[in-house]
Amino acid sequence: MSAEQVSSLCEQLVKAVTVIMDPASTQRYRLEALKFCEEFKEKCPICVPCGLKLAEKTQTAIVRHFGLQILEHVVKYRWNNMPRLEKVYLKNNVMGLISSGTQSILEEESHIKDVLSRIVVEMIKREWPQHWPDMLKELDTLSKQGETQTELVMFILLRLAEDVVTFQTLPTQRRRDIQQTLTQNMEKIFSFLLTTLQQNVNKYRRMKTDLAQQPKAQANCRVGIAALNTLAGYIDWVALSHITADNCKLLEMLCLLLNEPELQIGAAECLLIAVSRKGKLEDRKPLMVLFGDVAMHYILSAAQTADGEGLVEKHYVFLKRLCQVLCALGSQLCALLGSDSEVETPTNFGKYLDSFLAFTTHPSQFLRSSTQITWGALFRHEVLSRDPLLLAMIPKYLRASMTNLVKVGFPSKTDSPSCEYSRFDFDSDEDFNAFFNSFRAQQGEVMRMACRLDPRTGFQMAGEWLKYQLTAPVDTGPMNSKTGEGLCSIFSPSFVQWDAMTFFSESVISQMFRTLDKEEIPVNDGIDLLQLVLNFETKDPLILSCVLTNVSALFPFVTYRPEYLPQVLSKLFASVTFEVVEESKFVVSVQAPRTRAVKNVRRHACSSIIKMCRDYPQLVLPNFEMLYNHVKQLLSNELLLTQMEKCALMEALVLISNQFKDYERQKAFLEELMAPVAGLWLSAEMQRVLSDPEAFISYVGADNKIADPVMEDPSGLNRSRISFCVYTILGVVKRARWPAAMEEAKAGGFLVGYLPSGSPIFRNPCTEQVLKLFDNLLALIRTHNNLYMPEMVAKLGETFAKALDMLEVEKNAILGLPQPLLELYDSPVYKTVLERMQGFFCTLYDNCFHILGNAGPSMQQDFYTVEGLASQLISSAFINLNNIPDYRLRPMLRVFVKPMVLSCPPEYYETLVCPMLGPLFTYLHMRLSQKWEVINQRSILCEDDAADDNPESQEMLEEQLVRLLTREVMDLITVCCVAKRGAEHNSSVAVDGDDDEAMATDVTPPASAELTELGKCLMKQEDVCTALMITAYASLSWKDTLSCQRTTTQLCWPLLKQVLPGNLLPDAVSWFFTSVLKGLQIHGQHDGCMAALVHLAFQIYEALRPRYAELKVVMEQIPDIQRDSLEQFDSKLLNPTLQKVADKRRKDHFKRLITGCIGKPLGEQFRKEVHIRNLPSLFKKVKPSLETDVLETNEDGEDLTVLFEP
């Protein structure tokens, strides 16, 4: 290797690097240059001299960086094959570069410093401490040369800690060697870091005011910052004693630095990590020094200074850190106080609370929200919650909450000081809105805790605020609502105040009723407030909605003064028919479409009435006649209410009628209530419409072409009649019940006998009425399912071609797209007649299945014994499933099949559930398999298709729907077969949950994962059993991680265990096992899934390998499997006489065997492997002192006293 060779190669490399980095290069040139550089790194035998030459100070920064990258590549990928002398040569040269090969600290590029420190760390990871015992001494020597070298040494120490402790990017034994050696030397390292920090800070302070010394001061400041960053990498994991050593000198220093603008963020970061440490309480006690006078003074003065300088990003970031420090201090105090660690409440606790309150009242919404969890912990704490200082803080905290609940601070606006801060913290108004909603919920929690300690103050404040709001003039602000002239929009100053006040009063009043004894409740004050609210009149829908919430919040006072009930009812009934434009009540043509705000008020009033009847039925019962007459009057005008509103009022009546506790009287009432529905539903015309898809389409007007799709809707009334009937049946089925108390049920004539098991059989007063209407309901469901047949879809009119499609709202919910804020309240609920039609079909479909889902729990044996029920359901609900889209199939499974199966008594499993579920599960498996096949084909074909970039593209929606349907199906199977029935399907998390749900890594299935009675019943039938097993195991390789993990942990093993005693075909066993391994290939990159699938594969192999040699054949096909290791595992497994190895060891061995089929994340699939060799073991039984522990021989038996002599 000659110097000329090196020079000419270097020239070529310089040219190549220049081409790569030059923006003007063509794509072809750049690729060629890149290829040349990569091949050089991989293959050239003279990388080291070339790299060193390119890294010389005389080259440009880009070239030097490339030279250093070459050296890093050599250390990472070629080290194991380098001769010893070349290693020494490289190491000495790299240390030389640190010593004299870089520009000065202020001039050198940060990426050069970074790569240089990386090279040293890569060498340390391979050779320290065994072959390079003096490494720390060498770094120490380097740091004595000056600031430039000291900063690089800091980078090296930080990078080392990150790789070894934080990211753990090296083999276990090497990691252990290095970490233990670091720990042994930690005292030296820590004192080195502290001394470096102190010396540089002192120099910086001395010189920063002297202009002549400015560059020198800057250099010291840089080293100070590097020292703080490095400390932050160590404080997290070193023994707490190092942090609190020497009378907490480190903490004291960090507090001092909080007032040094250039170093304060680094200092706050270190302080935060120190104060957040967990560990033994005893070790954490010294951290209480931060409640001392000195520390408190520095923390608070730093906060005041930073805040006093206006909104500058740097200061704001610092304030956030300080706020976190105070929160962490509060958590430490809560942990230490009241435990056995003899910690007293600090004398500065009051000062601490004041400063903490200052953050809670800061204009930044983000800072305010950061304090909430700590306030909650303080109010909950057994000792602190009795502290007079904290109790005195409650009114101040509540006063602050009154401001903090007001929703202002949208980044796009300028109507509050918070807006400016929000622009730093949130990308959009939607972002801020989502944050604020969860912040407000959190405040509600904390306010309730505060009111538990002091209920009266909260109530008093709520009363004052409510009175103020009732008398304050309405300010609609600059934006007028589209609902009407002079009305509020959701951003109007008046509405945001009303909204905040309502939330406040709701939170504190409900808590007061929970906390105070009956005698202590301030009934007179409450009733006074209620009267003020009832007398308040407004035509603004948003404010009226708040008024109704206040009526509900104050309603518990009526239980003490029932004479106010009629007034409350009148107020609510007036709001049920609320309109902004009075005239529209009397116009028979189509009303101007109501806006969401108006609809919400009406819906709100209905649900308040229902809630009142549900929670206080005894109180309302004496006024039943008045309530009934009110409702009759409203129902007499067909156009006055929407169908949903009519049914809500009927539901309220049914809830009260349950209090008659008399079967005959309730039955008579329900008959009277449902007479109009029965008349309509059973009429000859309706029967014809419900049982013939073509007649149905014509009746609801979906075959028309409409000229004015906003105002014209000739069939609206027909649709509302069908909706009214279905809503009413649902309301009655949901709400009519027998008394809960056994004695009352007996006396009222509800008890009809006992089951063989001894449990009582009740009858529901609604049964007779509902079953009378049942046939037509099934006819409607059959017709609705048949609408999806291609020949029926073709009959839809031009305007309604998409009538059976999803609503936009549903699409957005599935794709996770946020709704634009203002539109929610200001836009009409349905903008066009097509949207109304879509809404009609969607709601109708859901409600029919809600009725079937509620029928079982409601009517019990009277429903389950309907003659031929199974075949009736199969020929209606399950007809034409092939054409029914995923978005309709999902609710059917969730709201009908699942509740019906869960509430069905075991006596009817054979006659009803199995005949229904058998064909259903077989069909669902076929459907899902086909869907996933299409998706997999698509991902193979469309690797480069641009459609995927568009989040609303149809494909993405379809794929997400298949995922949600898969979860629904797997959840249904799990609930039927495995989930404990007592734990009413807790296993099913909200099915629309994000894919990013934290993947639990708890993999052993719960011990109780036995099959349910229904599961056993289903598994007895061969075809059903096959469908269940195949669906469960095939789903492991469908691309839905959440579904895979749930199925693996809850379903797969219990199902397989059930069939183990029988004779399984060898092919079937191989298929199950292969399915699990395929699942690993697809989901192995997710830790939670991987752990669960490995556990399942291990269970199957251990249980079935002794009977089926075929499993070994499957194992042998795993890529890169080590045959001898497999033989060893097998022989231990098959030889019962051998002592069993611990479960964990066996499982780890098995996991190593199947590593070849565990999928990796895309980012790691093509990564070049880095191999770091283990060095001879460092820690023998007796640990020799580090100085003498220089190993004489290495693995290759070379005589190596020390590889790297200093």
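In this text the structure is predicted, and so the values were computed from the model without any measurement. (Residues numbered from 1 in each chain as written. Predicted model: local features only at pLDDT ≥ 70, side-chain atom pairs only at ≥ 80, totals over all residues. Heavy atoms only, no water.)

Overview of the overall build of the protein chain
Working step 1: Along the protein chain, the regular secondary structure elements total 56 helices and two strands.
Working step 2: Overall, the protein chain is about 105 × 75 × 65 Å in size when its C-alpha atoms are taken along their principal axes.
Working step 3: Buried positions account for 54% of the 1206 residues belonging to the protein chain.
Working step 4: Taking as baseline every contact in the protein chain between residues at least 6 positions apart, the subset at least 24 positions apart corresponds to 76%.
Working step 5: Carbon together with sulfur atoms contributes 53% to the accessible area of the protein chain, which is approximately 53300 Å² in total.
Working step 6: On the protein chain, the mean spot of the 125 positive side-chain charges and the mean spot of the 148 negative ones are 2 Å from each other. (Helix = DSSP H or I, 4+ residues; strand = E, 2+ residues; numbered from the N terminus. Buried < 20%, exposed > 50% of the residue type's maximum accessible area, 1.4 Å probe, protein only. Contact = heavy atoms within 4.5 Å. Areas by Shrake-Rupley, 256 points an atom, 1.4 Å probe, with all protein chains shown as cover. Lys, Arg positive; Asp, Glu negative; His and termini not counted. Charge placed at Lys NZ, Arg CZ, Asp CG, Glu CD.)

Topic: the environment of K539
Working step 1: Position of K539 relative to the elements: it lies in the loop between helix 25 (523-535) and helix 26 (541-554).
Working step 2: Assessed through its relative accessible area of 49%, K539 is described here as partly exposed.

What about the side chain of Q332?
Working step 1: Within the fold, Q332 resides in helix 16 (residues 313-336).
Working step 2: Judged by relative accessible area, which is 3%, Q332 ranks as buried.
Working step 3: Within the local environment of Q332, its side chain forms a polar contact with the backbone oxygen of V275, the two atoms lying 2.8 Å apart.
Working step 4: With residues up to four places along the chain from it excluded, the contact list for Q332 reads V275, S276, R277, R284, L287 and M288. (Polar contact = N/O pair within 3.5 Å; in protein donor to acceptor, adjacent residues only side chain to side chain.)

Some details on helix 8 (residues 147-166)
Working step 1: Compared with an ideal rise of 1.5 Å per residue, which puts 20 residues at 28 Å, helix 8 spans 27 Å between its outermost C-alpha atoms and is within 8% of the ideal.
Working step 2: For helix 8, the buried fraction is high: 16 of the 20 residues fall into the buried class.
Working step 3: Once helix 8 finishes, Q168 follows within two positions and takes phi at roughly 50°, a positive value. (Expected span 1.5 Å × (residues − 1).)

Section: the packing of aromatic side chains
Working step 1: Inspection of every chain in the model, using the stated rule, returns 46 aromatic pairs.
Working step 2: Judged by centre distance (5.3 Å) and plane angle (50°), the ring pair of W375 and Y397 falls under tilted. Here W375 is found in helix 19 (residues 372-380), whereas its partner Y397 is found in helix 20 (residues 388-404), with 22 residues between them in sequence. Exposure class is identical for W375 and Y397. Each is buried.
Working step 3: Here the aromatic cluster, defined as three or more aromatic residues joined through ring pairs, consists of F291, F349, Y352, F356, W375, F379 and Y397.
Working step 4: Above the face of the F491 ring, K413 is positioned so that its terminal group lies 4.2 Å from the ring centre.
Working step 5: Over the face of the ring belonging to Y77 we find K1168, whose NZ or CZ atom lies 4.4 Å from the ring centre. (Phe/Tyr/Trp six-rings, centres within 6.5 Å; stacked < 30°, edge-to-face > 60°. Lys NZ or Arg CZ within 6 Å of the ring centre and 35° of its normal.)

Overview of the pattern of salt bridges
If the charged atoms of two oppositely charged side chains come close together, the side chains can form a pair.
Working step 1: All told, the structure shown has 54 salt bridges when counted by the stated rule.
Working step 2: Note that E968 is salt-bridged to R894, the shortest N-O span being 3.1 Å. One end of the pair, E968, is in helix 47 (residues 954-977); the other, R894, is in helix 45 (residues 886-903), with 74 residues separating them in the sequence.
Working step 3: The class for E968 is buried, based on a relative accessible area of 2%.
Working step 4: With a relative accessible area of 35%, R894 lands in the partly exposed category.
Working step 5: By sharing partners, the salt bridges in this structure join E122, K125, R126, R159 and D163 into a single network. (Salt bridge = Lys/Arg side-chain N within 4 Å of Asp/Glu carboxyl O.)

What about the pairing of strand 1 (residues 751-754)?
Working step 1: Note: strand 1 against strand 2 (residues 760-762), three bridges, orientation antiparallel. Residue pairing for strand 2: Y754 is matched across the bridge by P760.
Working step 2: The antiparallel hairpin formed by strand 1 and strand 2 contains five residues in its connecting segment, where G758 sits at a positive phi of about 100°. (Pairing = 2+ DSSP bridges.)

Overview of the packing of helix 49 (residues 1022-1034) against helix 51 (residues 1066-1083)
Working step 1: Helix 51 packs onto helix 49 with a crossing angle of 25° between their chain directions and a minimal axis gap of 9 Å. Between helix 49 and helix 51, the crossing angle belongs to the class labelled roughly parallel. The segment helix 49 lies against helix 51, with M1029, I1030, Y1033 and A1034 engaging W1071, F1072, S1075 and V1076.
Working step 2: Residue composition of the contact of helix 49 with helix 51, grouped by class: seven nonpolar, one polar and no charged. (Axes fitted to C-alpha atoms, helices over the stretch in contact; angles between N-to-C directions. Parallel < 35°, antiparallel > 145°, perpendicular 65-115°, else oblique. Nonpolar A, V, L, I, M, F, W, Y, C, P; charged D, E, K, R; others polar.)

A look at the state of the cysteines
Working step 1: Applying the stated criterion to the full structure yields zero disulfides.
Working step 2: Lacking any disulfide linkage, C451 is separated from the closest cysteine sulfur, that of C334, by 19 Å.
Working step 3: Judged by its relative accessible area of 0%, C451 is buried.
Working step 4: Sulfur of C766: no disulfide; nearest cysteine sulfur belongs to C647 and is 14 Å away. (Disulfide = S-S within 2.5 Å.)

Quick word on the environment of I814
Working step 1: One can find I814 in helix 40 (residues 808-815).
Working step 2: Note on I814: relative accessible area 14%, which makes it buried.
Working step 3: Here the alpha-carbon distance between I814 and Y887, two residues 73 residues apart in the chain, equals 9.9 Å.
Working step 4: When sequence neighbours within four positions are dropped, the list of residues in contact with I814 reads M806, R890, L957, Q960, L961 and L964.

A closer look at the confidence of the model for the protein chain
Working step 1: Averaged over all residues, the pLDDT of the protein chain equals 89, while 91% of them reach at least 70.
Working step 2: Here residues 583-590 is modelled with pLDDT under 50, and outside its nearest four sequence neighbours on either side it reaches eleven contacts, counting other chains as well.
Working step 3: Counted against residues more than four places away or in other chains, residues 1181-1203, with its pLDDT under 50, gives 40 contacts. (pLDDT = per-residue confidence, 0-100.)

A short note on unusual backbone geometry
Working step 1: Omega for the peptide link from W128 to P129 comes to 0°, which places this bond in the cis form.
Working step 2: The backbone of N247 shows a phi angle near 60°, a positive value even though the residue is not glycine.
Working step 3: Residue placement: N247 occurs in helix 12 (residues 240-257).
Working step 4: With a phi close to 60°, D1120 is a non-glycine residue in the positive phi region.
Working step 5: Relative to the helices and strands, D1120 is located in the loop between helix 53 (1110-1116) and helix 54 (1123-1134).
Working step 6: The exposure class assigned to D1120 is exposed, which follows from its relative accessible area of 75%.

Some details on the packing of helix 1 (residues 3-21) against helix 4 (residues 61-78)
Working step 1: The geometry of helix 1 relative to helix 4 is characterised by a closest axis approach of 10 Å and an angle of 115° between their N-to-C directions. Judged on the interaxial angle alone, helix 4 and helix 1 are roughly perpendicular. The element helix 1 and its partner helix 4 pack so that their crossing is right-handed. Note on element contacts: helix 4 touches helix 1 through I62, V63, F66 and I70, opposite L13, V14, V17 and M21.
Working step 2: Tallied by class, residues from the contact of helix 1 with helix 4 come to eight nonpolar, no polar and no charged. (Left-handed = near helix turned anticlockwise from the far one by under 90°.)

Examining the environment of K667
Working step 1: Turning to its location among the elements, K667 is positioned in helix 32 (residues 663-681).
Working step 2: Owing to a relative accessible area of 16%, K667 belongs among the buried residues under this scheme.
Working step 3: Considered as a pair, K667 and I1121 are 454 residues apart in the sequence and their alpha carbons are 72 Å apart.
Working step 4: Residues contacting K667, with those up to four places away along its chain left out, are P765 and E768.

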